Amino acid sequence: MKVKEYKLFKSVQKTAKQNNLIISDNNISNGKVLFDFTALNSMIISDIEKEIIKNDALKNVCSFSKESFYGSEIDSFTTCIGYALYYAHPVYGKTGKRLYVIMQLAKVQHTHTERKSVYDAWESTKTEYSDGYMQPVFDLEVA
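Here's what I pulled together on the structure shown here. (Residues numbered from 1 in each chain as written. Predicted model: local features only at pLDDT ≥ 70, side-chain atom pairs only at ≥ 80, totals over all residues. Heavy atoms only, no water.)

1. Points about the pairing of strand S5 (residues 98-114)
The side chains of a regular strand alternate between both faces of the sheet. The element S5 is largely enclosed, with a buried count of twelve among its 17 residues. Where strand S2 (residues 32-36) lies against S5, five bridges are found, and the strand directions are parallel. Its bridge partner being in S5, Lys32 is matched across the sheet by Tyr100. As defined by bridge partners, strand S4 (residues 78-92) adjoins S5 across 15 bridges and the pair is classed as antiparallel. Residue pairing across strands places Leu85 opposite Lys107, the latter belonging to S5. Between S4 and S5, which pair antiparallel one after the other, the connecting turn spans five residues, and Gly96 there sits at a positive phi close to 95 degrees. As judged from the eight bridges shared by S5 and strand S6 (residues 123-130), these two strands associate in the antiparallel manner. Within the sheet, the bridge partner assigned to Thr113 lies in S6 and is Ser124. (Buried < 20%, exposed > 50% of the residue type's maximum accessible area, 1.4 Å probe, protein only. Helix = DSSP H or I, 4+ residues; strand = E, 2+ residues; numbered from the N terminus. Pairing = 2+ DSSP bridges.)

2. Quick notes on the side chain of Ser63
Tracing the backbone through its elements, the reader meets Ser63 in the loop between helix H2 (47-60) and strand S3 (67-75). Sequence-distant contacts of Ser63, that is, excluding residues within four places in its chain, are made with Ala88, Arg98, Val101 and Met103. (Contact = heavy atoms within 4.5 Å.)

3. Focus on the pattern of salt bridges
Under the definition given, this model contains two salt bridges. With its nearest N and O atoms 2.8 Å apart, the salt bridge here joins Lys4 to Asp36. Taken together, the positions of Lys4 in the segment before helix H1 (12-19) and Asp36 in strand S2 put the pair 32 residues apart, joining distant regions of the chain. Overall, the relative accessible area of 1% leaves Asp36 in the buried class. Between Glu51 and Lys54 there is a salt bridge, with the nearest N and O atoms lying 3.7 Å from each other. Taken as a pair, Glu51 and Lys54 lie in helix H2 at a separation of three residues, close to a single helical turn. (Salt bridge = Lys/Arg side-chain N within 4 Å of Asp/Glu carboxyl O.)

4. Considering the pairing of S2
Extensive coverage of S2 is indicated by the burial of four of its five residues. By the bridge criterion, three bridges tie strand S1 (residues 22-24) to S2 in an arrangement that is antiparallel. Paired with Ser24 across the strands is Val33, a residue of S2.

5. Description of a nonpolar patch on the surface
Taken together, the side chains of Phe77, Val118 and Tyr119 present a nonpolar region at the surface, about 360 Å² in accessible area. Mapped onto the elements, Val118 comes out in the loop between S5 and S6. (Patch = residues over 30% accessible without salt bridge, like charges linked within 9 Å, V, L, I, M, F, W, Y side chains within 5 Å. Areas by Shrake-Rupley, 256 points an atom, 1.4 Å probe, with all protein chains shown as cover.)

6. Structural notes on H2
Between its first and last C-alpha, H2 extends 20 Å over 14 residues, near the 20 Å set by a 1.5 Å rise per residue. Glu49, Lys50, Ile52, Ile53, Asp56 and Ala57 are the residues of H2 that are buried. Buried residues along H2 cover an arc of 155 degrees about the axis, so they all sit on one side. Those residues of H2 that are exposed and angled more than 90 degrees off the buried face are Asp47, Ile48 and Lys59. Taken together, the buried residues of H2 touch S2, S3, S4 and S5. (Expected span 1.5 Å × (residues − 1). Arc of directions from axis to C-beta.)

7. What about the packing of aromatic side chains?
Following the criterion strictly, the structure yields four aromatic pairs and no others. Consider the rings of Phe37 and Tyr86, whose centres lie 6.2 Å apart with planes at 90 degrees: the pair is edge-to-face. Residue Phe37 is located in the loop between S2 and H2, and its partner Tyr86 is located in strand S4; the two are separated by 49 residues in the primary sequence. Note on accessibility: Phe37 and Tyr86 belong to one class, buried. Ring plane angle 40 degrees and centroid distance 5.2 Å describe the contact between Phe69 and Tyr83, whose orientation is recorded as tilted. With a gap of 14 residues between them, Phe69 in strand S3 and Tyr83 in strand S4 connect regions that are remote in the sequence. Site record: aromatic cluster; members linked through ring pairs are Phe35, Phe37 and Tyr86. (Phe/Tyr/Trp six-rings, centres within 6.5 Å; stacked < 30°, edge-to-face > 60°.)

Structure follows, in structure tokens:
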């Protein structure tokens, strides 16, 4: 798998706009964190479940905490639970100062459970996604 190439700029907002990334202002990290959720487009799950994955990552994932364990009860008859792994791409300026980090969704193990009524047993459907991309061994620099 090829390394995904991003259009990098000094500004977090411009980089996010050019690459369709989402900016996170979570309280975990001191710097700006951008998220690349394009991998969710290839998964066959509902939009609500995709939003659950995104919202959990935006709250709990940063460059030193790259895993997300999420779960939610959508309604009385539908739930989802899973694990998502993100790869951190730190972006540095010409002076060597870290400007921001791009977190790329790399792997998801998702379980959707459903039942028809309160008297029925739960039926589970597992969905897995992996892009085959390994953890990057280099940093990105703004040109």
